[in-house]
Amino acid sequence: MVNYGMVIDQERCIGCHACAVACKDENNVSMGNAWNRILTVGGDAMDTPAGKFPEDGGDGTLSMDYQPTACQHCQNAPCVKVCPVNATYKRDDGIVEIDYDKCIGCRYCMSACPYNARVFNYDEPETVPPDGTGNVEQREQGVVEKCTFCSHRLDEGLDPACTIACPSSARIFGDLDDPESTVSRYVNQYDTDRLLEELDTDPNTHYVNGEMTPGRNHLGDEMESELEDPPRRREEITYEAPGGGDAEEESGGDD
Amino acid sequence: MSTREEKAEAGVVVPEFGTRGKAWIGVLVLAIVVGLGAWAYQLSQGLAVTGMDNVFSWGLYIMLFVLFIGLSAGGLIISSAPKFFHSDRYATLAPLGVLLSLACIAVAGLLLLPDLGRPSRITGFLTSPDFRSPLVWDFGIVVLYGLFSAGYLWLLTRRDLAKLGSRLAFGTEDTEDGREKDRKLAFWAAAIAIPLAIALHSVTGWIFATQIGRGDWFNPLVAPMFIMKALVSGLALLLVTAILIDRFTQYRLPKELVPELGKVLGVFVAVHVVYLVAAERLPHAWAAEFEFWAITSAFLVGDTFHFWLWTVVGGAIPIVLLAVPSLRQKLWAVFTASVLAIVGILFEGVYLIFTGYQDLNIADAPGVASGTDYAGIGSDVWVTAGNYTPTLIELLVTIGIVAIGALIVTLGLRFLPLQPGGGEPVSVGSTERATANPDATTATDGGHDVPDEKTPHK
């Protein structure tokens, strides 16, 4: 069985919001809605640090961390259990998805989701440019929508848009049921936690805190499972630029 | 067609609409038309014209849905519970109570429609239901309760309808045997109604109480609270309505029932606002605070305006009005207490929704995209806390739906014989006195001193 999940290395995240923009673009998300949000941990506003500067009695605990937050793809998903018409459902591969043709727009799932991952089309969807963006059909007014792990891309063997867009390789996508996959290895090897774990929603999104991981393990847009060779450390990978000519890729790890 | 006198004789309390009645109907129809217009506008513009957003995703419609589910309990308390114990002490109020239940459950059910983003797909409840969803169970039970109330109302009035020659009797005949048979049927109907009503209020409570993600919603006391607030608001609405139609129609409310039911209402309010609220808040306050007085004040002092409206306006004041014996005898006091109790229950619903939405579990900046605030490049679409004010559109739609309920009640008064015994002098518990132990009824002097006047309190 496949059980898709994501590891997000908060030590690698630089708070650039590239994943959020890529998500919005790829999934044709209406202005005023967002499936993927990059929260600044602890600060009063976005990009303001938590803690105090060591001055005027401050204790010098200043720190800035980012928490990318989208649908956590819970395996005990409250949103799935509350949907009266089976519009929200869990796929066999672990992805929580919405059938937009069934959704009656009751928004019970939005109350059920502890992560506020779901958004509703209060209005006719509005995009710039007006014809829409990306590769997903626009949802109509009156239905709920959220992150799908870019299931339309997975069908093509491609990683989710946010994963590709991350310039610091902080997002790793793969099969949690495959013990050899990078996501499984990282979950085993590093300190990971899941958001609001005490609520027992059993999310498939894991956050790395503490020691930094080597990040996403391969280049290119394809999913790890599409690679012919087993994934290797990034240092060993050479990258052929599309324009021809070889470019040696720098080490992904900062250490 | 039967004459005005025949109708009054059979128990129709509004034999025909006068100028005032017609004006009232006109107002209701106007409110319904305006409400429909507002809903059409909302359908064309989307729920963007409401005050809801991605954080505060349920608003006035659901707050009032909860209220009207509670209000629909009145008929049951007054008709089923006594019937179940073979008492007809409150028989004068039974058909009216069931009519109110029917109207309120209709309003509650209709209030769900404008809350839906795609109401045309509501058939999904039947074609692909997920039986894990409390909403599926609630939907089913609201429909069932509505149908049951309609059937029960017909059962209670069909012999009088037959007497009246009304087509609504659907072939029922007015015979003494038939009436006896109906009394037996009414007992069994009461036996069904009680578990059905308990299920209705509990399942509605569990819509909220099952949700781990919304603060205080996840609380095992929510379902018992819903039962209790149904008893409070249902009885209060019945008292308010009975007093009003006693005043404005030929309906006669036995005078001594008012303080008596007022006393029952007082007990309900006390159990709800004093006991259950304490049971809910004390453990939290005790665990969170250390000093005795800190625990006491954390437990007694509420944090929001809605909380005070609920516990003081809807709790403390009605309890005083209903607990003081000399006040309880006064019609105005019972009436005021009932109105305030309903206001209190309304704000309990508002309070419940607010406790779920005002704080986010993950409230780091920038927060959640509101979904409603985009007005061009550079708009701030982010929110980190729930905020809600209903819009005019929501108010108009809601008033329209409530007017449908009022219209159901009004038409019921006009076409259904709601006064058992019809034109006969009204009395309390007549058969009860005839059959039961006399000692059991003398305490309240039930019905002995009711003079043959139409509106005893005027």
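As annotated in an unreviewed UniProt entry, chain B carries the name Polysulfide reductase and comes from Natronobacterium gregoryi. UniProt lists a comment for chain B under the heading Sequence similarities (unreviewed entry), and it reads "Belongs to the NrfD family."

You'll find chain A entered in an unreviewed UniProt entry as 4Fe-4S dicluster domain-containing protein, with Natronobacterium gregoryi given as the organism.

Visitor: Help me out: how do you make sense of the overall build of chain B in this one?
Guide: Broken down by element type, chain B carries 17 helices and two strands. Scaling as 2.2 N^0.38, a compact globule of 458 residues should have a C-alpha radius of gyration of about 23 Å, and chain B matches this with 24 Å. For chain B, the spread of C-alpha atoms along the three principal axes comes to 75 × 55 × 40 Å. Going through the 458 residues of chain B one by one, you find that 48% of them count as buried.

Visitor: Looking at this structure, I do not really get the overall build of chain A. What am I missing?
Guide: For chain A, the helix and strand inventory stands at six helices and 12 strands. Sorting the 255 residues of chain A into buried and exposed places 45% on the buried side. A separation threshold of at least 6 residues defines the contact pool for chain A, and within that pool the share at least 24 residues apart is 62%.

Visitor: Explanation requested: helix 12 (residues 305-323) of chain B in the structure shown.
Guide: The α-helix advances 3.6 residues per turn, and as a result positions three or four apart in sequence lie on the same side. Residues and elements named next belong to chain B. With 19 residues, helix 12 extends 25 Å between its outermost C-alpha atoms, agreeing within 8% with the 27 Å of an ideal straight helix rising 1.5 Å per residue. Looking at helix 12, one finds that the buried residues are Leu309, Trp310, Thr311, Gly314, Gly315, Pro318, Ile319, Leu321 and Leu322. Elements that come into contact with the buried residues of helix 12 comprise helix 10 (257-288), helix 13 (325-328) and helix 14 (331-357).

Visitor: How should helix 2 (residues 19-45) of chain B be read in this particular structure?
Guide: Residue and element names in this part refer to chain B. Here helix 2 is 27 residues long and its end C-alpha atoms lie 39 Å apart, about the 39 Å a rise of 1.5 Å per residue gives. Within helix 2 the residues assigned to the buried category are Leu28, Gly35 and Ala38. On its buried face, helix 2 sits against helix 15 (392-415). Glycine 46, located one to two residues past helix 2, shows a positive phi value of around 90°.

Visitor: Is there a simple way to explain unusual backbone geometry in this structure?
Guide: For residues besides glycine, phi is generally negative; the peptide bonds are generally trans as well. With an omega of 0°, the peptide bond between Val128(A) and Pro129(A) qualifies as cis. Tracing the chain through its elements places Pro129(A) in the loop between strand 6 (119-120) and strand 7 (144-145). Here the bond from Ala365(B) into Pro366(B) is cis, since omega is 0°, no more than 30 degrees from zero. The residue Pro366(B) is located in the loop between helix 14 and strand 1 (368-369) in this model. Despite not being glycine, Asn86(A) has its phi angle at roughly 60°, a positive value. Take Asn86(A): it is sitting in the loop between helix 2 (78-82) and strand 4 (88-90). Notably, Asp200(A) is not glycine yet its phi reads approximately 60°, a positive angle. With respect to the element layout, Asp200(A) can be found in the loop between strand 9 (192-193) and strand 10 (205-208).

Visitor: Explain the interface of chain B and chain A to me, please; I cannot follow it from the model alone.
Guide: Interface extent is often summarised as the accessible area lost during association of the parts. Between chain B and chain A, the residue contacts involve 42 residues of the former and 47 residues of the latter. Contributing elements (two or more residues each) for the side of chain B that touches chain A: helix 6 (124-127), helix 7 (134-164) and strand 1 of chain B. Looking at the side of chain B that touches chain A, the element that brings in the most residues is helix 7 of chain B, giving three residues. When grouped by side-chain class, the residues that make up the side of chain B that touches chain A number 20 nonpolar, 14 polar and eight charged.

Visitor: Is there a simple way to explain the packing of helix 4 (residues 74-84) of chain B against helix 5 (residues 94-115) of chain B in this structure?
Guide: Between two packed helices, what matters for the description is the angle formed by their axes and the separation of those axes. Residues and elements named next belong to chain B. Viewed as axis vectors pointing N to C, helix 4 and helix 5 meet at an angle of 150°, and their least axial separation amounts to 7 Å. Between helix 4 and helix 5 lies a crossing whose hand is left-handed. Residues Gly74, Gly75, Leu76, Ile78 and Ser79 of helix 4 form the contact with helix 5, whose participating residues are Ala94, Gly97, Val98, Leu100 and Ser101. Its residues assigned to classes, the contact of helix 4 with helix 5 comprises five nonpolar, five polar and no charged.

Visitor: Explain the environment of Leu116(B) to me, please; I cannot follow it from the model alone.
Guide: Relative to the helices and strands, Leu116(B) is located in the loop between helix 5 and helix 6. Discounting residues that sit within four places of it in the chain, Leu116(B) has contacts with Ile104(A), Gly105(A), Cys106(A) and Ile122(B).

About the thresholds
Residues numbered from 1 in each chain as written. Chains lettered and ligands numbered in written order. Predicted model: local features only at pLDDT ≥ 70, side-chain atom pairs only at ≥ 80, totals over all residues. UniProt positions renumbered as here; feature names shortened; annotations may be inferred. Helix = DSSP H or I, 4+ residues; strand = E, 2+ residues; numbered from the N terminus. Rg over C-alpha atoms; globule rule 2.2 N^0.38 Å. Buried ≥ 20, exposed ≤ 12 C-beta atoms within 10 Å, placed from the backbone. Contact = placed C-beta atoms within 7 Å. Expected span 1.5 Å × (residues − 1). Nonpolar A, V, L, I, M, F, W, Y, C, P; charged D, E, K, R; others polar. Axes fitted to C-alpha atoms, helices over the stretch in contact; angles between N-to-C directions. Left-handed = near helix turned anticlockwise from the far one by under 90°.

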